[in-house]
Amino acid sequence: MKIFQSLSQLPSPLSIIAATLALQAAAAPVASKVLTPQNFKETIAEGLWFVEHFSPYCGHCRHFESTWNELVGHFESKADPGVHFAQVDCTVNGDLCTENGVSGYPQMNLYRNGGFLETYHADRAYDLLVNYLAAHAEPKGIPAPAIDSIEEEALPTPVDHLVVQTPRAEANPSGEVVSLDVQTFDSFLSQGPAFIKFFAPWCGHCKKLAPTWTRLARHMQRKMNIAEVNCDENKALCTSQGVTAFPILFYYAHDAKTDYSGGRSYDQLVAFTERASNPTMKVIEAPELEQVVRDNSVLYLLLHNPSDSQVVDDVAKESQLLFGSPPVYVSTSSELFAKHNIPSTSSSALLVFKDNDTKDPVTVFYPSSQPPDALKTWLFDNRLPTSLELTRDAFQQVMNAPHKPLVVIVSTPNGMHDSVAEQVNDIGKKWRLRTSQGRGANRDVVFTWMDADQWGKWMKSMYGIQAGTEPEVVVADHGRLVYYDKDGTGKPIQLTSTGVTSALEAIFSGTARAKHSENFLERTVRYFNSVLVGLEGSIAAHPYMTVLVIAAFVAAIFMAIRRLLSDDVPDWQTEQRSAKGGRLD
């Protein structure tokens, strides 16, 4: 009994976790007013407020911290910014975050005079946030415009290039949203590229998006087809298209479907559709290639015989998902065929040029000798330059690239940007030469440098890099959330070709020791979250099987309890008989 009393006096695991989170919350740097349930409504009651809901142990929140501080500083430096900033720590004020509809971290909500306006859904890049808030800001000297009085902004007309694959009919001739059903869906897609909204009439977010979608259709008149599908009336169609939430936006082109995951403001949707409506490929002649390579850190060049039009359609279809980054050029020039030693037996070849190197392509892909699905994989595997600065805009594209490259990250102290960039570029080119000679590994490696002043806190929390006067090097495997900071000899990686190559060889040979980018608590939370997500997916995919498994589990527990109780009955009866043994009844 004393043992149990002693154990009961120990802090529970939940209390330990809560204390840890509280300590982390207290240590979290704050660049703006921190709100609590006691002062939230009172604070945002007047004016326009942009509120970040965050968790101090969230890796994305720590990464976003410098951007948030810079954003706050940018607007607060103005005499009349027209927007206020605040934060809510969800580890301390969970009920408030739940009340505000927070479903992930960090989440930014926009409020006006105490009322919720919208959640910011776009990429958390600094420039996009500045543009977003500038469009919504309400300086005191200028009255806020009524929503209905907003006129459509005049946007620059895109430059016309060669359209390799044209629509079969005039796109969006009336400038209206077309309502589709199962009978009209396929024929509508056959008319050309289309941007389609799948919605439910009872969905609040769908109702909010409706007027924006109508404006988008009007803006894209004669440029792109805009449509919608009511999933309450067309459940089978929505299921066949993989609709799992409302509203969901899909872009269709060249028999390919792309899930649009960007912001849903009018300006963001216009930017996406303008970019998507531009042609995926442009014609180029031999004399132009050298200058085009100099102007682009990465570009693809499709060489094909004039008679081989099918490969043009195939590349146009797959490159549609790149949305022009990198650009794709196409040519039938016999001069380029000869210059790059394309065999006469090949009717087409796809070349990739990187790092503004005009001499030779990094690699060549022959579509006719590869399975159909290999083209898309090849395009995405080669879309990144060998080396680049890891900025806010490039972060997602590099660290979360579909082919999951290893990323060499070099912290760049103040005043050393140019010299570090030159060294990283040189190391990257030597590694690329090494891999082209068959001495590297099959996995891609991207070489990057980061501003230590701007990214210092993030690099310290993720990779343990301390601020200093010399560059520090790590190799990140962001897909697994691990990193390496030692070379093949067990010493810190030096910013030299020998040091980085030694580290990469140790990683590929399996002898390097990885370190976790997350602490134990974060890894535990991530593990249980993945388990719950997997369980949720299993239930959704196999509902009847799930019911049977649960029923079987409950039945097994019931039978076990029943058997346990039945085993106790004879013992109790035996005890009763023994108790009567010395009595005269």
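Residues numbered from 1 in each chain as written. Predicted model: local features only at pLDDT ≥ 70, side-chain atom pairs only at ≥ 80, totals over all residues. Heavy atoms only, no water.

## Re the packing of helix 4 (residues 59-76) against helix 17 (residues 452-463)
And then number 1: At a closest axis distance of 9 Å, the pairing of helix 4 and helix 17 adopts a crossing angle of 170 degrees. One finds that helix 4 runs roughly antiparallel with respect to helix 17. Touching G59, R62, H63, E65, S66 and E70 of helix 4 are Q454, W455, K457, W458, S461 and M462, all from helix 17.
And then number 2: Among the residues making up the contact of helix 4 with helix 17, the classes are represented as three nonpolar, five polar and four charged. (Axes fitted to C-alpha atoms, helices over the stretch in contact; angles between N-to-C directions. Helix = DSSP H or I, 4+ residues; strand = E, 2+ residues; numbered from the N terminus. Parallel < 35°, antiparallel > 145°, perpendicular 65-115°, else oblique. Contact = heavy atoms within 4.5 Å. Nonpolar A, V, L, I, M, F, W, Y, C, P; charged D, E, K, R; others polar.)

## Points about the packing of aromatic side chains
Within a pair of aromatic rings, the relevant descriptors are the distance that separates the centres and the angle that separates the planes.
And then number 1: The tally for this structure, following the rule as stated, stands at 29 aromatic pairs.
And then number 2: Seen from their ring centres, F195 and Y251 are 6.4 Å apart, and the 70 degrees between their planes marks the pair as edge-to-face. In this pair, F195 sits in strand 7 (residues 194-199) while Y251 sits in strand 9 (residues 248-253), placing the two residues 56 residues apart along the sequence. Of the two residues, F195 and Y251, neither departs from the other in class, the shared state being buried.
And then number 3: Look at Y463 and Y483: their rings are 5.2 Å apart centre to centre, the planes differ by 70 degrees, and that puts the pair in the edge-to-face class. Remark: Y483 occurs in strand 20 (residues 482-484) and Y463 occurs in helix 17; sequence separation between them is 20 residues. Note on accessibility: Y463 and Y483 belong to one class, buried.
And then number 4: Among the aromatic residues, those joined into a ring-pair cluster are F50, F64, W68, F75, F85, Y120 and Y132.
And then number 5: Stacked on the ring of F199, the Lys or Arg K197 has its end atom at 5.0 Å from the ring centre. (Phe/Tyr/Trp six-rings, centres within 6.5 Å; stacked < 30°, edge-to-face > 60°. Buried < 20%, exposed > 50% of the residue type's maximum accessible area, 1.4 Å probe, protein only. Lys NZ or Arg CZ within 6 Å of the ring centre and 35° of its normal.)

## Looking at the confidence of the model for the protein
And then number 1: Residues with a pLDDT of 70 or more make up 82% of the protein, whose mean pLDDT is 81.
And then number 2: Considering only residues more than four positions removed or in separate chains, one finds that residues 1-31, a stretch of pLDDT under 50, has 23 contacts.
And then number 3: Contacts of residues 142-167 to residues separated by more than four positions or lying in other chains number 27 contacts, the stretch itself having pLDDT below 50. (pLDDT = per-residue confidence, 0-100.)

## Section: the pattern of salt bridges
And then number 1: Scanning the entire structure with this criterion turns up 15 salt bridges.
And then number 2: A salt bridge links E290 to R294, with the nearest nitrogen and oxygen atoms 2.5 Å apart. Taken together, the positions of E290 and R294, both in helix 11 (residues 286-295) and four residues apart, correspond to about one turn of that helix.
And then number 3: Classification of R294 by relative accessible area gives partly exposed; the value is 45%.
And then number 4: Three or more residues are tied together by salt bridges with common partners; here these are D355, D357 and R432. (Salt bridge = Lys/Arg side-chain N within 4 Å of Asp/Glu carboxyl O.)

## Some remarks on the state of the cysteines
And then number 1: Overall, the coordinates contain two disulfides when judged by the stated rule.
And then number 2: What pairs with C90 in a disulfide is C97, and their sulfur atoms sit 2.0 Å apart. The chirality of the disulfide connecting C90 with C97 is left-handed, given an S-S dihedral of about -90 degrees.
And then number 3: Accessibility expressed as a relative area gives 3% for C97, which makes it buried.
And then number 4: There is a disulfide in this structure between C231 and C238, and the S-S distance comes to 2.1 Å. Negative torsions about the S-S bond denote left-handed disulfides, and the value of about -90 degrees found for C231 with C238 makes this one left-handed. Taken individually, C231 and C238 each receive the classification buried, so the pair is uniform in this respect.
And then number 5: Look at the protein and number its bonded cysteines as they come in the sequence; the links are 1-2, 3-4. (Disulfide = S-S within 2.5 Å.)

## Remarks on the sheet that holds strand 11 (residues 281-283)
And then number 1: Reading across from one edge, 11-13-12-14-15 is the order of the five strands in this open sheet, with mixed pairing throughout. In this open sheet, the two edge strands, each paired with only one partner strand, are strand 11 and strand 15 (363-365). Strand-to-strand twist of the sheet, defined as the mean angle between neighbouring strand axes without regard to direction, takes the value 25 degrees.
And then number 2: The pairing of strand 12 (residues 298-304) with strand 14 (residues 348-354) spans seven bridges and is antiparallel. If you follow L303 over to strand 14, its bridge partner there is A349.
And then number 3: Where helix 14 (residues 374-381) meets the sheet, it contacts strand 12, strand 14 and strand 15, and its direction lies at approximately 15 degrees from that of strand 14. (Pairing = 2+ DSSP bridges.)

## Let's talk about the nonpolar core
And then number 1: V398, M399, I409, W458 and Y463 are the most contacted members of the largest nonpolar core, which has 22 residues in total.
And then number 2: Of all the secondary structure elements, the ones that give two or more residues to this core are helix 15 (392-399), strand 17 (406-412), strand 18 (445-451), helix 17 and strand 19 (473-477).
And then number 3: Counting residues per element, this core draws most heavily on helix 17, at five residues.
And then number 4: Residue contacts for I409: discarding those within four places in its chain leaves L390, M399, T448, M450, M459, Y463, E472, V473, V474 and A476. (Core = buried A, V, L, I, M, F, W, Y, C linked by side-chain atoms within 4.5 Å.)

## Things to note about the sheet that holds strand 21 (residues 515-516)
And then number 1: Reading across the sheet, the six strands line up as 16-18-17-19-20-21 and stay open at both edges, with mixed pairing between neighbours. At either margin of the open sheet sits one strand with a lone partner, and together these are strand 16 (387-389) and strand 21.
And then number 2: Here strand 16 runs beside strand 18; their pairing, made up of three bridges, is parallel. Within the sheet, the bridge partner assigned to E389 lies in strand 18 and is W449.
And then number 3: In the packing of helix 16 (residues 417-436) onto the sheet, contacts are made with strand 16, strand 17 and strand 18, and the angle to strand 18 comes to roughly 175 degrees.

## Overview of unusual backbone geometry
If a residue is not glycine, its phi is most likely negative; likewise, a peptide bond is most likely trans.
And then number 1: With an omega of -15 degrees, the peptide bond between Y105 and P106 qualifies as cis.
And then number 2: One non-glycine residue, N172, lies in positive phi territory at about 45 degrees.
And then number 3: Residue placement: N172 occurs in the loop between helix 6 (126-136) and strand 6 (178-180).
And then number 4: In this model, N356 sits at a positive phi of 60 degrees, which is unusual for a non-glycine residue.
And then number 5: Residue position: N356 is located in the loop between strand 14 and strand 15.

## Regarding the side chain of H53
And then number 1: Structurally, the position occupied by H53 is in strand 2 (residues 48-54).
And then number 2: Separated by 3.2 Å, the side chains of H53 and N100 make a polar contact.
And then number 3: When residues no more than four places from it in sequence are discounted, the contact partners of H53 are V88, C90, C97, N100, V102, Y105, P106, Q107, N109 and Y111. (Polar contact = N/O pair within 3.5 Å; in protein donor to acceptor, adjacent residues only side chain to side chain.)

## Notes on a nonpolar patch on the surface
And then number 1: A surface patch of nonpolar side chains, about 590 Å² in accessible area, is lined by I550, F553, V554, I557, I561 and L565.
And then number 2: On the basis of relative accessible area, I557 is assigned to the partly exposed category, the value being 39%. (Patch = residues over 30% accessible without salt bridge, like charges linked within 9 Å, V, L, I, M, F, W, Y side chains within 5 Å. Areas by Shrake-Rupley, 256 points an atom, 1.4 Å probe, with all protein chains shown as cover.)

## So, helix 4
And then number 1: The end-to-end C-alpha separation of helix 4 is 26 Å, in line with the 26 Å expected for 18 residues at 1.5 Å each.
And then number 2: Taking the largest bend as the criterion, helix 4 deviates by roughly 40 degrees, centred on E65.
And then number 3: Residues of helix 4 that are buried: C61, R62, H63, F64, E65, S66, T67, W68, L71, V72 and F75. (Expected span 1.5 Å × (residues − 1). Bend = angle between axes of the 7 residues up to and from the residue.)

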